[in-house]
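This is what each chain is made of:
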Amino acid sequence: MNVFTIERFGTKDGPGIRTVVFFKGCNLRCAWCQNPESQLAKPQVMYTQASCVGCGKCAEVCPVGAITYDETFGFISDSNLCVLCGACLDACLYDARSIVGKEWDEDLLVKELLKDRQFFSESGGGVTFSGGEPLLQGKSLVSLSAALKKEHINLAIESAACVPWPVLEPFLPLIDLFYIDIKHLDSEKHKKYTESDNSLILENIIALDRNGANVIIRVPIIPGFNDTAEEMRKTFSFLKENTSLQKVELLPFNRLGLAKYRGLGRAYAYEKTQNMVNEDLTDLVLLGKEYGLLVHAGAL
Ligand code: SF4
Ligand code: SF4
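Reading the values: rules and limits
- Residues numbered from 1 in each chain as written.
- Chains lettered and ligands numbered in written order.
- Predicted model: local features only at pLDDT ≥ 70, side-chain atom pairs only at ≥ 80, totals over all residues.
- Heavy atoms only, no water.
- Near = heavy atom within 4 Å.
- Nonpolar A, V, L, I, M, F, W, Y, C, P; charged D, E, K, R; others polar.
- Salt bridge = Lys/Arg side-chain N within 4 Å of Asp/Glu carboxyl O.
- Helix = DSSP H or I, 4+ residues; strand = E, 2+ residues; numbered from the N terminus.
- Buried < 20%, exposed > 50% of the residue type's maximum accessible area, 1.4 Å probe, protein only.
- Patch = residues over 30% accessible without salt bridge, like charges linked within 9 Å, V, L, I, M, F, W, Y side chains within 5 Å.
- Areas by Shrake-Rupley, 256 points an atom, 1.4 Å probe, with all protein chains shown as cover.

### So, the site of ligand 1
Move 1: Around ligand 1 there are 13 residues in total, and Cys 62, Cys 82, Cys 85, Gly 86 and Cys 88 lie nearest to it.
Move 2: Residue classes in the shell around ligand 1 are distributed as 11 nonpolar, 2 polar and no charged.

If you want it as structure tokens, here you go:
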């Protein structure tokens, strides 16, 4: 399993105090993604321009010529060429380079997560799998979930659920809470902004509900994409007409990923878009309530 970070003491991604495991690798490419370092499945070098003094030592020592200077982004590593030797990290005296992503085997990861067991039992918390797309870890994640379940750990997963049902189904008896995104009801628009249509996602949401899963729908509200009453009516109608699901969290757009795009040498389409706050979503929350849904602005 390839993990890019483990965050402790989270309170927004499930009940109680959570340890959130962010897996690397995603099959969507959402234009607004907050975690661009999660998209590639393998580890990659991240660069911090603000710490760099421009000495060029990293490029000198790279054995495969993966580091070039870019006027906008600085000394960026090309992940297609990089062999993750670590030489540029050793050469940099300013800690301007790091490798994002690390392979974990199941036993070590279980051991790491069980370090927080006391916080889980005192708060009713547990472990949340996030990403990237955690479901791409496939059978390894099923096995990890089973191992944690054996230890009576509450499990939640945050997913776009854009996978065939046989990938998702084995998680039904293991996961206590599924957070599933609905980004847009219009499949063509969904594809334009995420590089995948929404058919599997919508089918999986219906199937999860029919199988009695505990599901909270999350909708990232993105300016110019799905932030109008007209667009959100379609999402609320879909839920009312096809499922018995009640809980919806609307997540306001933010640019938290901006520095990470720069560190990977990637342009960010939303660089100049204003951050939103929960209060900006009040009208959409009220609209959702008209549909009889329990809609909340922000992650609870
Ligand atoms: S990790 Fe090694 S191969 Fe990759 S960019 Fe740095 S020096 Fe080059
Ligand atoms: S070695 Fe470090 S400080 Fe020097 S150019 Fe590379 S990233 Fe910048």
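### Focus on the pattern of salt bridges
Move 1: Following the criterion strictly, the structure yields 13 salt bridges and no others.
Move 2: Salt bridges sharing common partners tie together Arg 8, Glu 112, Lys 115 and Asp 116.

### A short note on the site of ligand 2
Move 1: Near ligand 2 the following residues occur: Tyr 47, Cys 52, Val 53, Gly 54, Cys 55, Gly 56, Cys 58, Phe 75, Cys 92, Tyr 94, Ala 96 and Arg 97.
Move 2: Split by residue class, the shell around ligand 2 holds 9 nonpolar, 2 polar and 1 charged.

### Looking at the environment of Ile 153
Move 1: Among the structural elements, Ile 153 can be located in the loop between helix 5 (139-150) and strand 9 (154-159).
Move 2: On the basis of relative accessible area, Ile 153 is assigned to the buried category, the value being 3%.
Move 3: For the pair formed by Ile 153 and Gly 25, sequence separation is 128 residues and the distance between their alpha carbons is 24 Å.

### Considerations on a nonpolar patch on the surface
Move 1: Taken together, the side chains of Val 53, Leu 93 and Tyr 94 define a hydrophobic patch exposed on the protein surface, amounting to about 330 Å² of accessible area.
Move 2: Secondary-structure assignment places Tyr 94 in the loop between helix 2 (87-91) and strand 6 (97-100).

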